[in-house]
Amino acid sequence: MCWNLFVGWENRNRRSCTGIREKPAIFLDFGVQMLNGELRLPGTPSLVFVFYVLVLLPWLALRSTRRLRQNPQLLDDLRVRRRIWRSSIVMLLLLLWMATATGWGFGYSAFRGPADLPGTVSKSLLCLVACLALLFGSSRLRTPQQRRQMFVYRFVPGTGADWVLKIALAVTAGISEEVVYRGVLVQILWYSLGEFWLAIGISAIGFVLAHRQQGLQSMLVILAIALLMQWLVQSTGTLLGAMVVHALYDIIAMVVIARQAARDARRSDARKRSSAR
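Along the protein, the regular secondary structure elements total eight helices and zero strands. Reading the helices (α) and strands (β) of the protein from amino to carboxyl end gives α-α-α-α-α-α-α-α. Considering the protein as a whole, with its 277 residues, one finds that 44% of them fall into the buried category. In the protein, of all internal contacts separated by at least 6 residues, the share reaching a separation of at least 24 is 79%. Accessible area of the protein: about 14900 Å², with a carbon and sulfur share of 62%.

What follows is the structure, given as structure tokens:
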């Protein structure tokens, strides 16, 4: 019998449970196929996972945004920033464990290797270039004052130890978020809702809402990046390329933002000295 993931009722029509509905032919199905009953259908753990990712995480992001708006000087304390980085790594690791365990529950492997390694590498490089183009294009549209007000500008690492911590966070986020948003969540939503494109859209929106601290303009960029990552995953049949691209993008973006912050600070100091004369 088929069981609806969200309302838990028995399918009275007793339709076949041999597979999830077909996606467009340009995409590859690389994990969740209920072939001959070999793989199990998503169940209660999937419902808990979906609630956590699409409801609880956006709520936590909203609460964090409100706290930062009420107390914008909070991030000036280096100890606070380090505590946030460490807690974020722990939370992402727990999220990775939850996603992996949920996927295993219905036979989904998040770490399946690519069938075409050269093709995966070339598409990954193309995706990385597109993501960096969005980064630089978005940066050029902002004034130095707007950049200084950005959430990520206030998280620029200072010491070498801070850079190590931030790189560890970038790698953890690259692995965890791809497994969650481009892997397990899409498969659950696709099966449950029956529409592949709708599943992609909901997953991308959930990813954006989890990053709402970064502001509206950054959220639009994040949405575009989420769709690019989904294209990469579906066209290569593996999450591994997206994990690498995601981690590299976060590290490069961190370096770019750190340099921009230093350059903007020098220009601001020069203007102050000039006006004081």
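Turning our eyes to something else, we now look at the nonpolar core. By size, the foremost hydrophobic cluster in this structure holds 47 residues, and its most contacted members are Phe49, Val53, Val179, Tyr181, Val184 and Tyr249. At the level of elements, helix H1 (44–70), helix H2 (78–105), helix H3 (117–140), helix H5 (160–193), helix H6 (196–209), helix H7 (216–236) and helix H8 (240–276) are the ones that each hand at least two residues to this core. The element that contributes the greatest number of residues to this core is H5, accounting for nine residues. When near neighbours in sequence (up to four residues on either side) are disregarded, Val179 contacts Leu96, Ala99, Thr100, Ala110, Phe111, Val184, Leu239 and Met243. One finds Leu75, Trp85, Leu92 and Leu165 within the second-largest nonpolar core, a separate group that totals 10 residues.

Looking now at the confidence of the model for the protein. Taken over all residues, the pLDDT of the protein has a mean of 81, while the share at 70 or more is 81%. Mean pLDDT across the secondary structure elements of the protein bottoms out at helix H4 (residues 144–148), with 72, and peaks at H6, with 95. Taken together, the stretch residues 1–39 has pLDDT below 50 and engages in 77 contacts with residues farther than four places along the chain or on a different chain.

Here the second largest pocket defines a volume of roughly 360 Å³. Forming the walls of the second largest pocket are 17 residues, and the residues nearest its centre are Gln149, Met150, Phe151, Gln213 and Gly215. The set of elements that each furnish at least two residues to the lining of the second largest pocket consists of H1 and H7. The residue makeup of the lining of the second largest pocket, split by class, is five nonpolar, eight polar and four charged.

For H2, which comprises 28 residues, the first-to-last C-alpha distance of 41 Å matches the rise-based estimate of 40 Å (1.5 Å per residue) to within 8%. Those residues of H2 that fall on the buried side of the exposure criterion are Val80, Arg81, Trp85, Ile89, Leu92, Leu95, Leu96, Ala99, Thr100, Thr102 and Gly103. Looking at the buried positions of H2, the neighbouring elements they touch are H1 and H5. Just beyond H2, the residue with positive phi is Gly107, at close to 85 degrees.

The rules behind these values
Residues numbered from 1 in each chain as written. Predicted model: local features only at pLDDT ≥ 70, side-chain atom pairs only at ≥ 80, totals over all residues. Heavy atoms only, no water. Helix = DSSP H or I, 4+ residues; strand = E, 2+ residues; numbered from the N terminus. Buried < 20%, exposed > 50% of the residue type's maximum accessible area, 1.4 Å probe, protein only. Contact = heavy atoms within 4.5 Å. Areas by Shrake-Rupley, 256 points an atom, 1.4 Å probe, with all protein chains shown as cover. Core = buried A, V, L, I, M, F, W, Y, C linked by side-chain atoms within 4.5 Å. pLDDT = per-residue confidence, 0-100. 1 Å grid on protein atoms, 1.4 Å probe; cavity = no way out; pocket = protein on both sides within 12 Å on 5 of 7 lines; lining within 4 Å. Points joined across faces, edges and corners; volume = space filled by probe spheres on them. Nonpolar A, V, L, I, M, F, W, Y, C, P; charged D, E, K, R; others polar. Expected span 1.5 Å × (residues − 1).

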